[in-house]
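As a plain string of letters, each chain reads:
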Amino acid sequence: MGTEPGDEAGPRPRRAYPGSDLGRRVARRREELGLTREDAAARARLHPGYLEYVESQAGVVSMEALAAMAEALETSVSALLGAGTEQPPGRGPLARGPVLEELPSAECREKLASGGVGRVVFSTPNGLEALPVNFRLTGDAIVFRTAADGALAGAVGGDVAFETDRIDEARSEGWSILVRGVAELVTEPEERRHLRETTGPHPWAGGERDTWVRIPLGVVSGRRIRSGL
């Protein structure tokens, strides 16, 4: 059986603290080469169980092991660590046997419940505009905060669309959810206090953003692209 490089007695191995996508990048590159986990582990002189750990948990990995994996997978350490992640998403190759499917409404709600960043699309005198917001799902509505004199505050009372998504660049997979509804002000003091103290969201942009807006879940749809293999 192989061992992780650097297990021998001597100086403590240097450590890499990769992002959570490391395991997916390793697995994707291995699949591109048509290698089983055992094949790739043998190439890198690693135990197959260790490679499984890297692919499934993406914990702390030694630089020596990372270099061995890169050589075995005919790539570079920087590529495995996500060099170029500042590039716009969607530039990678197609997934193997891609499948496009509709998301059930219950799954759409489940994904919205995790919150995060989405985009509000609304009309302005100059045409359509889309702005990112930090949001939460509260009850049956998307909730976000904005400035009282901002463009999003001007969308209150009008039809809007809200979109959020997640992209797995390493596997060329992802999902998106679209909500259509009418933007409303949150005016009830107790509800505002509850949102401020317990739920959020907390806008990354900072500043005075004390206008709370909700988008009731009117029409909700979602799609997912996944590998069929």
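Basis of the calculations
- Residues numbered from 1 in each chain as written.
- Predicted model: local features only at pLDDT ≥ 70, side-chain atom pairs only at ≥ 80, totals over all residues.
- Heavy atoms only, no water.
- Core = buried A, V, L, I, M, F, W, Y, C linked by side-chain atoms within 4.5 Å.
- Buried < 20%, exposed > 50% of the residue type's maximum accessible area, 1.4 Å probe, protein only.
- Helix = DSSP H or I, 4+ residues; strand = E, 2+ residues; numbered from the N terminus.
- Contact = heavy atoms within 4.5 Å.
- Axes fitted to C-alpha atoms, helices over the stretch in contact; angles between N-to-C directions.
- Left-handed = near helix turned anticlockwise from the far one by under 90°.
- Nonpolar A, V, L, I, M, F, W, Y, C, P; charged D, E, K, R; others polar.
- Pairing = 2+ DSSP bridges.
- Salt bridge = Lys/Arg side-chain N within 4 Å of Asp/Glu carboxyl O.

**Q** Even after reading the chapter, I still don't get the nonpolar core, so can you show me in this structure?
**A** Nonpolar side chains in soluble globular proteins generally cluster together in the buried interior. If you look at the biggest cluster of nonpolar residues, it comprises 21 residues, and the most contacted ones within it are Leu 112, Val 120, Ile 142, Phe 162 and Ile 215. Mapped onto this core, the elements with two or more residues apiece are α6 (105–112), β4 (116–124), β5 (127–138), β6 (141–146), β7 (159–168), β8 (173–182) and β10 (211–216). Ignoring any residue separated from it by four or fewer positions in sequence, one finds Val 120 in contact with Glu 129, Ala 130, Leu 131, Val 133, Phe 144, Leu 152, Val 160, Ala 161, Phe 162 and Ile 215. Leu 46, Ala 68, Leu 73 and Leu 80 belong to the second largest nonpolar core, which has 19 residues in total.

**Q** Would you mind going over the packing of helix α2 (residues 37–44) against helix α4 (residues 63–72) with me for this structure?
**A** Angle between the axes and distance between the axes: these two values describe a pair of packed helices. For the pair α2 and α4, the least separation of the axes is 8 Å and the interaxial angle reads 115 degrees. In this structure, α2 crosses over α4, and the sense of that crossing is right-handed. Along the contact surface, α2 presents Ala 40, Arg 43 and Ala 44, while α4 presents Ala 68, Met 69 and Ala 72. Broken down by class, the residue content of the contact of α2 with α4 amounts to five nonpolar, no polar and one charged.

**Q** Help me out: how do you make sense of the sheet that holds β7 in this one?
**A** Strands in a sheet are paired, the pairing made by backbone hydrogen bonds, and the direction either parallel or antiparallel. Strands sit in the order β3-β11-β8-β7-β4-β5-β6-β10-β9 across an open sheet of nine strands; the sheet is antiparallel. The open sheet terminates on both sides in strands that have one partner only, identified here as β3 (98–102) and β9 (184–185). Of the strand pairs in this sheet, β4 and β5 are connected by nine bridges, and their pairing is antiparallel. Note that in β5 the partner of Val 121 across the bridge is Ala 130.

**Q** Sorry if this is basic, but what is going on with unusual backbone geometry here?
**A** Even without a glycine there, the phi angle at Arg 45 is positive, about 60 degrees. You can see Arg 45 is positioned in the loop between α2 and α3 (48–57). Judged by its relative accessible area of 57%, Arg 45 falls in the exposed class. Its identity is not glycine, yet Glu 74 carries a phi of approximately 55 degrees, on the positive side.

**Q** Help me understand the pairing of β6 in this model?
**A** Along any regular strand the residues' side chains alternate between the sheet's two faces. Burial analysis of β6 places six of its six residues in the buried class, the great majority of the element. Burial along β6 is two-sided: Ala 141, Val 143 and Arg 145 facing one way and Ile 142, Phe 144 and Thr 146 facing the other are all buried. Of the strand pairs in this sheet, β5 and β6 are connected by four bridges, and their pairing is antiparallel. Across the sheet, residue Arg 136 finds its bridge partner in β6, namely Val 143. Hairpin connection from β5 to β6: two residues lie between these consecutive antiparallel strands, with Gly 139 at a positive phi of about 65 degrees. As judged from the six bridges shared by β6 and β10, these two strands associate in the antiparallel manner. Its bridge partner lying in β10, Phe 144 is registered against Val 213.

**Q** So what exactly am I meant to see when it comes to the pattern of salt bridges here?
**A** When their charged atoms lie close together, side chains carrying opposite charge are able to pair. Applying the stated rule across the entire model yields 14 salt bridges. Between Arg 37 and Glu 52 there is a salt bridge, and its shortest N-O distance comes to 4.0 Å. Of this pair, Arg 37 sits in helix α2 while Glu 52 sits in helix α3, placing them 15 residues apart in sequence. By relative accessible area, Glu 52 is classed as partly exposed at 41%.

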